[in-house]
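What the coordinates show
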Amino acid sequence: TEDPASDGSSGINAEYGILLADILPCFGIKAIAPLFINKIHYNVKVTGAILISLLSFLVVASVSNYSLIILGVCLAALSAGLGEITFLAMTSHFDKAVVTAWSSGTGFAGILGATVYLGLSLILTPSQSIYIMVIVPILEFITYWFILIRPATFNERERSKPLLPSEEEEEEPGEALILTDEEEHQRPFVKFYTAVQELKYFMSSLFLVYAAEYIINQGTFEIIWFKDMSWSMAVQYRVYQVVYQVGVTISRSSASFIHIKQIHILSILQCVNLVFFALEARFAFTPHISIIILLILWEGLLGGACYVNAFYAIYQQVPHYKREYALGLASVSDSMGIVCAGILATVLHNYICKFRV
């Protein structure tokens, strides 16, 4: 397939068709999963996510029809959404350091996946490269079933008699969230609404930071192009994406050393970034690409820091008998931000392209 940056205007419908296929199924499963997913055993959820991921690789690698490729992308997004909400909830059964490990791993996955695919595509066809990448869900299956030490609490899907918060849970006075015992027996929609109200600070911050950074990435990166250098437009676009992933990885790995409680500040700073990148895409006033690269690194640092610190704080502040539900639910907000960004980025991109030559 063509690089999306190879032409700023051609193939726009196909490009955003794939974008929507990549974000809508992920958001859909994460939006409805909190209503029922806690009743399904982890063995079923993880195996399901792995099988869907495997199928997505095989579909995309073996077909050339655009509609079937879209189906493959939808399956990959569905697997990613199910996997994220499952594994985030799973961290509640382990030590708090696992939240940081999860966040760091997702950051490294972005860099490693892009790098490995790029390397393979230099010597193989795209289809052959994707066939080789099938090793990823296979390794995931082996890791979960034969390597991971699963605690006994995996089998405790329903707790009819919640435990009271204790000192061992490291909660600060007045900071515990979702404390009502009756919630355990509420109807799914009532429980969902109540939890959202309690987690609204974290969810709104995640929504805002993800919406802003994905509008930047999808709406401006392709048209911020420095013509007076040897790098082509496509190369510059790839550099932007790699630098962004490096920033995300660094900050998602930082929670073991730096804890940021006021995460709304990160969201506000990301919105400032959005304003800058939108103006740069429109007026092209930055004198050198190095400034843009530094700001993209900053963008990635802000997004990754908001992500890891939000989930770390939820782990710390929510009683352990509620963490599983709360961690999974909070992951809906970043997907909602990405969905909104996909729509707004299209509008912004098309508007700016009217003025750029």
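The structure displayed is predicted, hence computed values, not measured ones.

Analysis parameters
- Residues numbered from 1 in each chain as written.
- Predicted model: local features only at pLDDT ≥ 70, side-chain atom pairs only at ≥ 80, totals over all residues.
- Heavy atoms only, no water.
- Helix = DSSP H or I, 4+ residues; strand = E, 2+ residues; numbered from the N terminus.
- Buried < 20%, exposed > 50% of the residue type's maximum accessible area, 1.4 Å probe, protein only.
- Contact = heavy atoms within 4.5 Å.
- Patch = residues over 30% accessible without salt bridge, like charges linked within 9 Å, V, L, I, M, F, W, Y side chains within 5 Å.
- Areas by Shrake-Rupley, 256 points an atom, 1.4 Å probe, with all protein chains shown as cover.
- Salt bridge = Lys/Arg side-chain N within 4 Å of Asp/Glu carboxyl O.
- Core = buried A, V, L, I, M, F, W, Y, C linked by side-chain atoms within 4.5 Å.
- Axes fitted to C-alpha atoms, helices over the stretch in contact; angles between N-to-C directions.
- Left-handed = near helix turned anticlockwise from the far one by under 90°.
- Nonpolar A, V, L, I, M, F, W, Y, C, P; charged D, E, K, R; others polar.
- Phe/Tyr/Trp six-rings, centres within 6.5 Å; stacked < 30°, edge-to-face > 60°.
- Lys NZ or Arg CZ within 6 Å of the ring centre and 35° of its normal.
- pLDDT = per-residue confidence, 0-100.
- Expected span 1.5 Å × (residues − 1).
- Polar contact = N/O pair within 3.5 Å; in protein donor to acceptor, adjacent residues only side chain to side chain.

Things to note about the overall build of the protein chain
A count of helical and extended segments in the protein chain gives 12 helices and 0 strands. In the protein chain, the order of α-helices and β-strands from amino to carboxyl end is α-α-α-α-α-α-α-α-α-α-α-α. Here the protein chain holds 357 residues, and 45% of them are scored as buried. Relative to all contacts within the protein chain whose residues are 6 or more apart in sequence, the contacts with residues 24 or more apart total 82%.

Observations concerning a nonpolar patch on the surface
There is a patch of nonpolar side chains on the surface, built from Ile-135, Val-136, Ile-138, Leu-139, Phe-141, Ile-142, Phe-146 and Ile-147 and spanning about 740 Å² of accessible area. Note on placement: Phe-141 falls in helix H6 (residues 135-147).

A closer look at the side chain of Ser-56
Mapping Ser-56 onto the fold places it in helix H2 (residues 42-62). For Ser-56, the contacting residues outside a window of four places in its chain are Gly-72, Leu-75 and Ala-76.

Concerning the nonpolar core
Among the nonpolar cores identified, the biggest contains 39 residues, and Leu-199, Phe-311 and Ile-314 are the most heavily contacted of them. Elements supplying a minimum of two residues to this core: helix H1 (12-32), H2, helix H3 (66-90), helix H4 (97-123), helix H8 (200-219), helix H11 (289-317) and helix H12 (320-353). Sorting elements by how many residues they give to this core places H11 first, with 9 residues.

A look at unusual backbone geometry
Despite not being glycine, Ala-284 shows a phi value in the positive range, around 50°. In this fold, Ala-284 is placed in the loop between helix H10 (264-283) and H11.

Quick word on the packing of H3 against H12
The N-to-C vectors of H3 and H12 enclose an angle of 145°; their axes lie 7 Å apart at closest approach. Like other packed secondary-structure pairs, H3 and H12 cross with a definite hand, here right-handed. Only Glu-324, Leu-327, Gly-328, Ser-331 and Asp-334 of H12 make contact with H3, whose side of the interface consists of Glu-84, Ile-85, Leu-88 and Ala-89. Grouping the constituent residues of the contact of H3 with H12 by class yields 4 nonpolar, 2 polar and 3 charged.

Observations regarding the packing of aromatic side chains
Scanning all chains against the criterion turns up 13 aromatic pairs. Ring geometry for Tyr-201 and Phe-202: centres 5.5 Å apart, planes at 70°, overall edge-to-face. When the ring of Tyr-351 is compared with that of Phe-355, the centres are 5.1 Å apart and the planes differ by 65°; the resulting orientation is edge-to-face. For Tyr-351, a relative accessible area of 47% corresponds to the partly exposed category. An aromatic cluster is defined as three or more aromatic residues linked by ring pairs; in this entry it consists of Phe-221, Tyr-240, Phe-276, Phe-277 and Phe-285. Here the basic side chain of Lys-45 rests over the ring of Tyr-42, its NZ or CZ set 4.1 Å away from the ring centre. Above the ring of Tyr-325, the side-chain terminus of Lys-191 is found at 4.5 Å from the ring centroid.

Thoughts on the confidence of the model for the protein chain
Looking at the protein chain, the pLDDT average stands at 85 and 86% of residues meet or exceed 70. Every residue in residues 1-11 is under pLDDT 50, and counting partners more than four places away or in other chains gives 13 contacts. Here residues 158-176 scores under 50 on pLDDT; set against residues more than four positions off or in separate chains, the count is 32 contacts.

Concerning the pattern of salt bridges
The full count for this structure, using the stated rule, is 2 salt bridges. Its salt-bridge partner being Lys-30, residue Glu-84 comes within 2.7 Å of it at the nearest N-O pair. Taken together, the positions of Glu-84 in helix H3 and Lys-30 in helix H1 put the pair 54 residues apart, joining distant regions of the chain. Exposure class is identical for Glu-84 and Lys-30. Each is buried. A salt bridge links Lys-30 to Asp-334, with the shortest nitrogen-to-oxygen separation between them at 2.9 Å. In this pair, Lys-30 is assigned in helix H1 and Asp-334 in helix H12, connecting sequence segments 304 residues apart. Its relative accessible area of 3% is what places Asp-334 among the buried residues.

A look at H2
Side chains that are three or four residues apart share a direction in an α-helix, a result of its 3.6 residues per turn. Taking 1.5 Å of rise per residue, 21 residues should cover 30 Å, and H2 covers 30 Å from first to last C-alpha, within 8% of that figure. All of the buried residues in H2 are Tyr-42, Lys-45, Val-46, Thr-47, Ala-49, Ile-50, Ser-53, Ser-56, Val-59 and Ala-61. For H2, the secondary structure elements touched by its buried residues are H3, helix H5 (126-132), H6 and H12.

Examining the environment of Tyr-42
Along the chain, Tyr-42 turns up in helix H2. Judged by its relative accessible area of 2%, Tyr-42 falls in the buried class. When neighbours within four sequence positions are excluded, Tyr-42 is seen to be in contact with Thr-86, Ala-89, Met-90, His-93, Tyr-144, Phe-154 and Glu-324. Within the structure, Tyr-42 has its side chain in polar contact with the backbone oxygen of Ala-89 (distance 3.4 Å). Polar side-chain contacts of Tyr-42 include one of 3.4 Å to the backbone nitrogen of Met-90.

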